[in-house]
Amino acid sequence: MPDAVLTAERAHLALAARCLTGMRAATAATADAGVDAWASERLGAARAERLRSLAADPGAPPFFGRTDTADETFHIGRRHVRDAAGDPVVIDWRAPMSRPFYQASAADPQGLQRRRRFGFADGELTSYEDESLTADDRPSELLRDEIERPRSGPMRDIVATIQPDQDDIVRAPLAASICVQGAPGTGKTAVGLHRAAYLLYTHGEQLGRTGVLVVGPNRAFLRYIEQVLPALGEVEVDQATVADLTGRVPVRAEDPDDVAVLKGDPRLADVLHRALWRGVTKPRDSVQVPLSGRRYRIPEERLRRYVDDLRRADISYGAGRQRLALSLAEDARRQKEEAGGSPSDADTRRCARSAEVRAFCDEHWPAVDAAALVASVLADPSVAGSLLTAEEQDLLRRAPGRSVRATRWTAADAVLVDEVAGLLERLPGYGHVVVDEAQDLSPMQCRAVARRVGAGSLTVLGDLAQATSPWSVADWSTTLAALGRPDAVVRPLTTGYRVPAEVLEFANRLLPVLVPGLAPATAVRSEPGSLRLRPVSVLGPVLAEVVRGAGPGSVGVVCADASVEELVAALDAEGVDAAALADDGGEPAPVAVVPATLVKGLEFDHVVVVEPAAIVAAEARGLHRLYVALTRAVSSLAVLHREPLPELLAG
């Protein structure tokens, strides 16, 4: 006998699909009023954006849940769907009336009499599950199935499975800057992305003007997450790495760790500030400037006052130079007016651009090229004075290049150039910035991100136990101060929803050494057999066997960077289709061989970590890197090793 509830819900699903199709058709048919070319262009852009936000996703049904109160029933989905009369058919998950779906519990039902979850297969509604929100309700099997569903390709949204602790962060106010200390599998990246989507929905007009930026650690990571926000209907969000943000010079070299650490030190901001502003000098003579066919002398004392006032003003260096030229022109204008003349605004602007005014500014407030200034400081760090020790200055110093264009810049140099560029001209700030894997940012990189925030707010995501950069810290205070938000609230996420307990407990053995005192994550599910440790003598055949037997979903083989080519060749020799994962964000192969330095932030259904000892030995913070590698698995983790395991894992 057919299930009447299932039949009714399938009918509502079909209605929602028809209404969504109708909304797309209505948007596509929006008429152009033909007022002018600019209006037509803006209408076309708005229509295209709306169509992208309504684009059909065959793997994402119009709704995934339902709430019932005494008076109303709401179906909850990824976006709002209305019928031809304008009545709601599906409520956007971000709407206030959707919140009880995520927050209601037996202790606090929030007015709900029932919460219903739905199961889908290939877009078809196949099952449902009701929670009466009483103490007798059992854990949701559909929720568990959705959390554990195998993944292949990019990261998916988690709107159907957001948990109360995650939802609290997602719906935090726009003005609040939040730091999420998220252990592996707690969904911190997804929470940050869903917070961006929530803020865009709630503050669309404001953020439509100022924009939202997502900063990730590398291009592979950005490729992995790039479909999450579009799946939620948000298509106008910028995504970039710190290298993208600071890419003012070509990076063609690499610094030793000790040099990179020094260049990432916040004292370098003071050094560069000193180097820039030392070029501003006090006038020691008067100057004559032309205005409307006559020349007017500006005495030394007034020139000094103009320079001093601008130095004390809260403006950028470039704006100060422009205002200095205008100050001279306005002085000449006042002199002419006192003599009975009436110069026009155009006359005053021509005076500010005159050769005499330019020559004065070049001498006392010279134009500066950011890259050239950094190159000069690196060639002669003595400008640092007492800000850096003599040993640090020697460490920073390098032979001057033939030209700025020929300089072999490093990634840390590019951040310094961006710092100077920010002193020269202030950047417009985004309304909200999400920065992931923030525990690995140097203070100078944090400043580069902070320059893009302006007066906006931040969502900072990371895990101190996964800190692998040479400037990594043991608490969040230094990072948050460098990001310009020292008072940001640190919100811990310690419940792991994706990583099996067996895998997480194995990796947690490293925590007492990595970050003493950091609370370990606990997993909500146990998967007996999800962890396998296999000592091997010959790697290739065993690796191929493990990969073939991994089961459905994505497979990532994680190893020391130097071993990637060897493992790709070994798998190829065994007939396994595998390829190295590159930092260019390209499409991953069915089996991805992942350098350990690129695996952070990624996730695979099945992970094979090859030779942990080699990962540990490859870098100073290799044990942290191993912790990252061990916590990328959603369904199973296999550890293959010829060398002994690190002592903490061998027990």
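The shown structure was predicted, so the numbers you read here are calculated from the model rather than taken from an experiment.

A.B. asks: So, the domain arrangement of the protein chain: which residues are in play, and what are the values?
C.D. replies: You can read the domains of the protein chain as domain 1 (4-149), domain 2 (166-248 + 427-496), domain 3 (281-364) and domain 4 (514-649). The C-alpha centroid of domain 4 is placed 27 Å from the C-alpha centroid of domain 2. Between domain 2 and domain 4, the contact holds 24 residues from the first and 28 residues from the second. Carbon and sulfur atoms make up 55% of the surface buried where domain 2 meets domain 4, a total of about 2100 Å² over both sides. Counting across the interface, domain 2 meets domain 4 through one salt bridge. A salt bridge links Asp 440 to Lys 600; the shortest N-O distance between them is 2.2 Å. Taken together, the links from domain 2 to domain 4 amount to nine residue pairs in polar contact (both at pLDDT 80 or more).

A.B. asks: Give me the layout of surface pockets: which residues, what numbers.
C.D. replies: Of the pockets and cavities examined, the largest pocket occupies roughly 1300 Å³. The wall of the largest pocket is formed by 44 residues, among which Pro 217, Ala 411, Gln 445, Ser 469 and Trp 471 lie closest to the centre. Elements represented by at least two residues in the lining of the largest pocket include exactly β8 (212-216), α10 (242-245), α11 (257-263), α19 (411-424) and α20 (443-453). In terms of residue count, α19 provides more of the lining of the largest pocket than any other element does, four residues in total.

A.B. asks: A description of the sheet that holds strand β5 (residues 114-121) should follow, citing residues and the corresponding values.
C.D. replies: In spatial order, the strands read β3-β4-β2-β1-β5-β6; together these six strands make up an open sheet with mixed pairing. The open sheet terminates on both sides in strands that have one partner only, identified here as β3 (81-82) and β6 (124-131). In this sheet, β5 lies alongside strand β1 (residues 65-68) in antiparallel orientation, the contact comprising four bridges. Opposite Gly 65, over in β5, you have Arg 117 as the bridge partner. Here helix α1 (residues 4-28) sits on the sheet in contact with β1, β2 (73-77), β3, β4 (88-92), β5 and β6, set at roughly 120° to β6.

A.B. asks: Now, about empty space enclosed by the protein: what can you tell me, with residues and values included?
C.D. replies: The gaps left among the atoms become clear once a water-sized probe is rolled over them. Applying the stated criterion across every chain yields a total of two cavities of 30 Å³ or more. As a volume, the largest cavity reaches approximately 450 Å³. Met 155, Gly 185, Gly 187, Arg 498 and Glu 603 are the residues nearest the centre of the largest cavity, which is lined by 33 residues in total. Looking at the lining of the largest cavity, the elements with two or more residues in it are α4 (141-148), α6 (188-202) and β22 (633-641). Top element by residues in the lining of the largest cavity is α6. It accounts for three residues. Tallied by class, the residues present in the lining of the largest cavity amount to 14 nonpolar, ten polar and nine charged.

A.B. asks: Kindly report on the UniProt feature "binding site: ATP" (unreviewed entry) in the protein chain, identifying the contributing residues and their values.
C.D. replies: Using the residue numbers shown here, the UniProt feature "binding site: ATP" (unreviewed entry) corresponds to Gly 182, Ala 183, Pro 184, Gly 185, Thr 186, Gly 187, Lys 188 and Thr 189. Lining the largest cavity, from the set of annotated residues above, are Ala 183, Pro 184, Gly 185, Thr 186, Gly 187, Lys 188 and Thr 189. Tracing the sequence through the fold places Thr 186 in the loop between β7 (178-182) and α6. Using a relative accessible area of 1% as the deciding quantity, one classes Thr 186 as buried.

A.B. asks: Mind laying out the packing of aromatic side chains, listing which residues take part and the relevant values?
C.D. replies: Describing an aromatic ring pair means giving the distance of the ring centres and the angle of the ring planes. Scanning the entire structure with this criterion turns up seven aromatic pairs. Pairing Phe 63 with Phe 118 gives two aromatic rings, centres 5.2 Å apart and planes at 65°, and the pair type is edge-to-face. Of this pair, Phe 63 sits in the loop between α2 (37-53) and β1 while Phe 118 sits in strand β5, and the two are 55 residues apart along the sequence. The exposure classification of Phe 63 matches that of Phe 118, with both residues buried.

A.B. asks: I'd like a description of the pairing of strand β10 (residues 287-291), backed by residues and values.
C.D. replies: Burial along β10 is one-sided: Val 287, Val 289 and Leu 291 are buried, and none of Gln 288 and Pro 290, which face the opposite way, are. Sheet topology places β10 next to strand β11 (residues 294-298); five bridges connect them, and they run antiparallel. Bridged to Val 289 within β11 is Tyr 296. Counted along the chain from β10 to the antiparallel partner β11, the turn is two residues long, and its residue Ser 292 has a positive phi close to 55°.

A.B. asks: Account for the environment of Gly 293, with residues named and values stated.
C.D. replies: The residue Gly 293 is located in the loop between β10 and β11 in this model. A residue is classified by how much of its surface remains accessible, and Gly 293, at 82% relative accessible area, is exposed. Measuring from C-alpha to C-alpha, the distance between Gly 293 and Asp 347 comes to 9.7 Å, with 54 residues separating the pair along the chain.

A.B. asks: I'd like to hear about unusual backbone geometry, residue by residue, with values.
C.D. replies: With a phi close to 55°, Ser 292 is a non-glycine residue in the positive phi region. Structurally, Ser 292 is set in the loop between β10 and β11. We classify Ser 292 as partly exposed; its relative accessible area is 38%.

A.B. asks: Describe the environment of Leu 245, and please don't skip the residues or the numbers.
C.D. replies: Relative to the assigned elements, Leu 245 resides in helix α10. Of the residues examined, Leu 245 reaches a relative accessible area of 15% and is grouped as buried. Residues Leu 245 and Arg 24 lie 221 residues apart in sequence; the distance between their C-alpha atoms is 35 Å. With near-sequence residues (within four places) excluded, Leu 245 lies in contact with Leu 213, Val 215, Ala 240, Asp 418 and Arg 452.

A.B. asks: So what about the packing of helix α13 (residues 300-312) against helix α14 (residues 317-338)? Which residues, and what values?
C.D. replies: Following both chains from N to C, one finds α13 and α14 inclined at 145°, their axes separated by 10 Å at the closest point. Considering the relative orientation of α13 and α14, their crossing is right-handed. Taken together, the residues of α14 that come into contact with α13 (itself represented by Arg 302, Leu 303, Tyr 306, Val 307 and Leu 310) are Gly 320, Arg 323, Leu 324, Ser 327, Leu 328, Asp 331, Arg 334 and Gln 335.

A.B. asks: I'd love a proper account of the side chain of Arg 451, names of residues and values included.
C.D. replies: Topologically, Arg 451 is positioned in helix α20. A distance of 2.7 Å separates the side chain of Arg 451 from the side chain of Asp 418, its partner in a polar contact. A distance of 2.6 Å separates polar atoms of two side chains, one belonging to Arg 451 and the other to Glu 419. Ignoring sequence-local partners within four residues, the contact set of Arg 451 consists of Val 415, Asp 418, Glu 419, Gly 422 and Leu 427.

A.B. asks: I'd like a rundown of the sheet that holds strand β13 (residues 457-462), residues and numbers included.
C.D. replies: Sheet architecture is open: six strands sit in the order β9-β8-β12-β13-β7-β14, paired in parallel fashion. Edge strands, defined here as strands with exactly one partner in the open sheet, are β9 (238-241) and β14 (489-493). Strand-to-strand, the axes of this sheet are offset by a mean angle of 20°, without reference to chain direction. Summarising the sheet, β7 and β14 pair through five bridges and their orientation is parallel. When the bridges of β14 are listed, Gly 182 appears paired with Leu 493. Contacts between α6 and the sheet are confined to β7, β8, β12 (432-435), β13 and β14, with β13 contributing the most and set at about 165° to the helix.

Definitions and limits used
- Residues numbered from 1 in each chain as written.
- Predicted model: local features only at pLDDT ≥ 70, side-chain atom pairs only at ≥ 80, totals over all residues.
- Heavy atoms only, no water.
- Domains from an automatic or database assignment.
- Contact = heavy atoms within 4.5 Å.
- Buried area = accessible area lost by both parts, 1.4 Å probe.
- Salt bridge = Lys/Arg side-chain N within 4 Å of Asp/Glu carboxyl O.
- Polar contact = N/O pair within 3.5 Å; in protein donor to acceptor, adjacent residues only side chain to side chain.
- 1 Å grid on protein atoms, 1.4 Å probe; cavity = no way out; pocket = protein on both sides within 12 Å on 5 of 7 lines; lining within 4 Å.
- Points joined across faces, edges and corners; volume = space filled by probe spheres on them.
- Helix = DSSP H or I, 4+ residues; strand = E, 2+ residues; numbered from the N terminus.
- Pairing = 2+ DSSP bridges.
- Axes fitted to C-alpha atoms, helices over the stretch in contact; angles between N-to-C directions.
- Nonpolar A, V, L, I, M, F, W, Y, C, P; charged D, E, K, R; others polar.
- UniProt positions renumbered as here; feature names shortened; annotations may be inferred.
- Buried < 20%, exposed > 50% of the residue type's maximum accessible area, 1.4 Å probe, protein only.
- Phe/Tyr/Trp six-rings, centres within 6.5 Å; stacked < 30°, edge-to-face > 60°.
- Left-handed = near helix turned anticlockwise from the far one by under 90°.

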